[in-house]
Amino acid sequence: MGKVYLVGGGPGDPELLTIKAYRILKEADVVLYDALVSREVLKFTRPDCLRIYVGKRDGKHSLPQEEINHLLLKFSKVYEKVVRLKGGDPFVFGRGGEELLFLREKGVEVEVVPGVTSAVAAPSSAFIPVTQRGMASSFAVVTGHPNRDVDWSAFSKVDTLVILMGVKNRQRIARELIRAGRDPEEPVAFIEKATTPDQREVFTTLGELAQSPPEVSTPAVMVVGKVVDLGREVLSHGQHRESLQEAHQA
Ligand code: SAH
């Protein structure tokens, strides 16, 4: 019986993979990965490693979670090292917990390898500190997925709000947050394709977002709070893109 590794693949830049994830990927017999995993990271696998894509295809749905669970179980009976590779951290909106419970119930040994989550890496890479002395002493991460019922009033007093999967729903989220008591003047940032050479930032305010939302492409992390202005300030002096580009060319 093999072992299943639930591995965080980091936010995009392959250099943000942990050394542990890198080692396990190099040794893997089979890797099941989804859309947000960078192709660069997959290159670390052995040439004979079986690589299976289980994410969304051309707008179609990803493989149902149940099927992924059963594939993991099946492979664990045949292979020694089965890797379930996810973008960011496997337990941050990654359904890693469901896989863990299923596999444990079936008696399969599981190891979790934490990853750098986009929830923090995206703001960081846009020079937005999620906490800042005297400015933000709390942050929360919440799903903005249109199918999830979120009680937005619970987030009216969190200093920095980080929203994943919120692009489609951005206008409604802004309206809900204003209704819950947040200031319409509050700055908002979207960080698209964070930590990749295509990273782009879109700055706006809650009020503007509620009225006429700017174009944003996916994947993007939405950040609400005073700290957004710090990133905007640094980026307006324009030194960052060269450094990101250099890192990728190196
Ligand atoms: N487990 C992942 C999150 C999965 S939910 C993690 O820890 O990062 C998917 C959401 O993550 C996307 O809708 C988007 O909001 C965010 N995301 C993931 N990678 C991203 C990236 N490189 N740039 C911007 N947003 C990203």
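Each value, and the rule that gives it
Residues numbered from 1 in each chain as written. Predicted model: local features only at pLDDT ≥ 70, side-chain atom pairs only at ≥ 80, totals over all residues. Heavy atoms only, no water. Pairing = 2+ DSSP bridges. Helix = DSSP H or I, 4+ residues; strand = E, 2+ residues; numbered from the N terminus. Axes fitted to C-alpha atoms, helices over the stretch in contact; angles between N-to-C directions. Contact = heavy atoms within 4.5 Å. Domains from an automatic or database assignment. Buried area = accessible area lost by both parts, 1.4 Å probe. Salt bridge = Lys/Arg side-chain N within 4 Å of Asp/Glu carboxyl O. Polar contact = N/O pair within 3.5 Å; in protein donor to acceptor, adjacent residues only side chain to side chain. Nonpolar A, V, L, I, M, F, W, Y, C, P; charged D, E, K, R; others polar.

Enquirer: Residues and numbers for the sheet that holds strand 6 (residues 139-143), please.
Expert: Taken in spatial order, the five strands of this open sheet run 6-7-10-8-9, and their pairing is mixed. At either end of the open sheet lies a strand with only one pairing partner, and these are strand 6 and strand 9 (200-205). On average, each strand axis in the sheet is tilted by 20° relative to the strand beside it, whichever way the strands run. The sheet contact formed by strand 7 (residues 160-164) and strand 10 (residues 220-224) spans three bridges and is antiparallel. Residue pairing across strands places V162 opposite V223, the latter belonging to strand 10. Across the sheet, helix 5 (residues 118-125) touches strand 6, strand 7, strand 8 (187-192) and strand 10, and the angle it forms with strand 10 is around 75°. In the packing of helix 6 (residues 170-179) onto the sheet, the strands contacted are strand 7, strand 8 and strand 10, and the crossing angle to strand 7 comes to about 150°.

Enquirer: How would you sum up the domain arrangement of the chain? Please name residues and give values.
Expert: Split by domain assignment, the chain resolves into domain 1 (3-116) and domain 2 (119-249). On the domain 2 side, the residues contacting the nine residues of domain 1 number eleven residues. When domain 1 packs against domain 2, the two sides together hide about 670 Å² of surface, and 78% of this comes from carbon and sulfur. The largest contributions to the domain 1 side of the interface with domain 2 come from P11, D13 and F93, which together make up 60% of the buried area. Inspection of the region where domain 1 meets domain 2 yields zero salt bridges. Inspection of the region where domain 1 meets domain 2 yields one residue pair in polar contact (both at pLDDT 80 or more). Split by residue class, the side of domain 1 that touches domain 2 holds seven nonpolar, one polar and one charged.

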